[in-house]
Amino acid sequence: MKKLTLALAIGATSLSALAAYPEKPVTIVVPFAAGGPTDKVARDLGVVLSKGLNNQTIIIENVGGAGGTLGAGKVAKAAPDGHTFLLHHIGMATAPALYRNLPFKVLEDFEYVGMVNDVPMTLVGRSTLPAGNFAELQKWLEANKGKINLANAGLGAASHLCGLLFQQAMKIDMTTVPYKGTAPAMTDLLGGQVDIMCDQTTNTTSQIASGKIKAFAVTTPRRLSTPGLDKLPTLDESGLKGFNVTIWHGLYAPKGTPKAVIDTVNAALRNALKDPEFIKRQEALGAVVVTDARVNPADHKKFVEAEIAKWAPAIKAAGQYAD
Ligand code: ASP
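All values reported here derive from a predicted model rather than from experimental measurement. (Residues numbered from 1 in each chain as written. Predicted model: local features only at pLDDT ≥ 70, side-chain atom pairs only at ≥ 80, totals over all residues. Heavy atoms only, no water.)

A. Molecular detail of the site of the ligand. Lining the immediate surroundings of the ligand are Phe32, Pro37, Thr38, His89, Ala153, Ala157, Ala158, Ser159, Gly181, Thr182, Asp199 and Gln200. In the environment of the ligand, an oxygen atom lies 2.6 Å from a nitrogen or oxygen atom belonging to the side chain of Thr38. With respect to the ligand, the side chain of Asp199 contributes an N or O atom lying 2.8 Å from a nitrogen atom. For the ligand, whose accessible area on its own is 270 Å², the fraction buried by protein is 100%. Here the ligand occupies the largest cavity. Elements with a minimum of two residues in the shell around the ligand: helix 2 (37-51), helix 6 (158-170) and strand 7 (196-200). In terms of residue class, the shell around the ligand is made up of five nonpolar, six polar and one charged. (Near = heavy atom within 4 Å. Polar contact = N/O pair within 3.5 Å; in protein donor to acceptor, adjacent residues only side chain to side chain. Areas by Shrake-Rupley, 256 points an atom, 1.4 Å probe, with all protein chains shown as cover. 1 Å grid on protein atoms, 1.4 Å probe; cavity = no way out; pocket = protein on both sides within 12 Å on 5 of 7 lines; lining within 4 Å. Sits in = over half its atoms within 2 Å of the grid points. Helix = DSSP H or I, 4+ residues; strand = E, 2+ residues; numbered from the N terminus. Nonpolar A, V, L, I, M, F, W, Y, C, P; charged D, E, K, R; others polar.)

Structure representation (structure tokens):
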């Protein structure tokens, strides 16, 4: 009887502790510059996530650099007290193959909260490029070998992976220009300082619609239905057979964050992913919110594990590494 009372008391304490969580603002680290595609997803998500977290303020902290590995490394070392999270993308899965001395272990140093969305990428170029479609771009790239600038968000970024595979498929080496995120890269593309870039639709859709940049193709195996992107051919149908880069975003916490916290944030995430306004905003930018099992912590971790195995051979074949 005594044991039961004690068990009930412990249960009540942890329940009330949980009901109070979080008692202060929660930080989501975005490992890229403000105003870019990962940042946009995090800020939109933060608004709806807050509803499931006592309406606490969600602070977005941009820690850009080294293709997302600086921000991820910061969260890996943060206090596991339920107040620091990481919103990252496919870079979680490609960094282990790209960095010889990655200062964190993707599968061991984080608690997995769940996956947020799948996001296609687009191949875009400065508006002054003398090419109006992919075939003309191809000709221009051939004619300008050695002079082409390809922007990306550093080794490990989605734009890096996509650009790497694009150069390989085209058999043309380009000068890569790394930024702390594709927000500043986009500024330079708009200004004509760089020629082309692969970037998430969450960053390119409105710029394409305004005609300030040129869009040549989508990186997904199928065309998109998103208004404004629906006329774009796939790279696959444009001659780069099998080209397929779709990226995703997920939410992570430092290893050791209490399970009760992960469960609470996961429940808030599930509700956020059902929020009609959030879904609408994501869809308008070409992104698809997760509705399958990958929203579960364990399933998302399995998915990331599979992504690590999927991308490692392609990265090794491309021979790109950093220390
Ligand atoms: N789009 C960037 C990337 O290439 C990241 C960002 O700036 O959000 O990964």
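B. Region of the structure containing the packing of aromatic side chains. If you walk through the whole model with that rule in mind, you get five aromatic pairs. Relative to Tyr252, the ring of Phe110 lies with its centre 6.4 Å away and its plane at 70 degrees, an arrangement referred to as edge-to-face. Linking Phe110 in strand 4 (residues 110-126) with Tyr252 in strand 9 (residues 246-254), this pair joins segments that are 142 residues apart in sequence. Phe110 sits in the buried class, given a relative accessible area of 1%. Their ring planes at 85 degrees and their centres at 5.1 Å tell us that Tyr112 and Tyr252 sit as a pair that is edge-to-face. In this pair, Tyr112 is assigned in strand 4 and Tyr252 in strand 9, connecting sequence segments 140 residues apart. Look at Tyr112 and you get buried, because its relative accessible area is 4%. (Phe/Tyr/Trp six-rings, centres within 6.5 Å; stacked < 30°, edge-to-face > 60°. Buried < 20%, exposed > 50% of the residue type's maximum accessible area, 1.4 Å probe, protein only.)

C. Broad picture of the environment of Phe166. Here Phe166 lies in helix 6. Along the backbone, Phe166 and Cys198 are 32 residues apart, and their C-alpha atoms lie at a distance of 8.7 Å. Discounting residues that sit within four places of it in the chain, Phe166 has contacts with Leu123, Phe134, Leu141, Met174, Ile196, Leu235, Leu240 and Phe243. (Contact = heavy atoms within 4.5 Å.)

D. How the structure looks around helix 3 (residues 69-76). Across the eight residues that make up helix 3, a large majority, six, are buried. Residues Thr69, Gly71, Ala72, Gly73, Val75 and Ala76 constitute the buried set of helix 3. Turning to helix 3, the residues buried within the fold contact strand 1 (26-30), strand 3 (84-89), helix 4 (91-98), strand 4 and strand 9.

E. Unusual backbone geometry, seen in detail. Here the residue pair Tyr21 and Pro22 is connected by a cis peptide bond, since its omega of -5 degrees sits within 30 degrees of zero. Positive phi is not limited to glycine here, since Lys171 has a value of about 60 degrees. Mapped onto the elements, Lys171 comes out in the loop between helix 6 and strand 6 (175-178).

F. Examining the pairing of strand 9 more closely. Across the nine residues that make up strand 9, a large majority, eight, are buried. As paired elements, strand 3 and strand 9 share four bridges and run antiparallel to each other. Looking across to strand 9, one finds that His89 is bridged to His249. (Pairing = 2+ DSSP bridges.)

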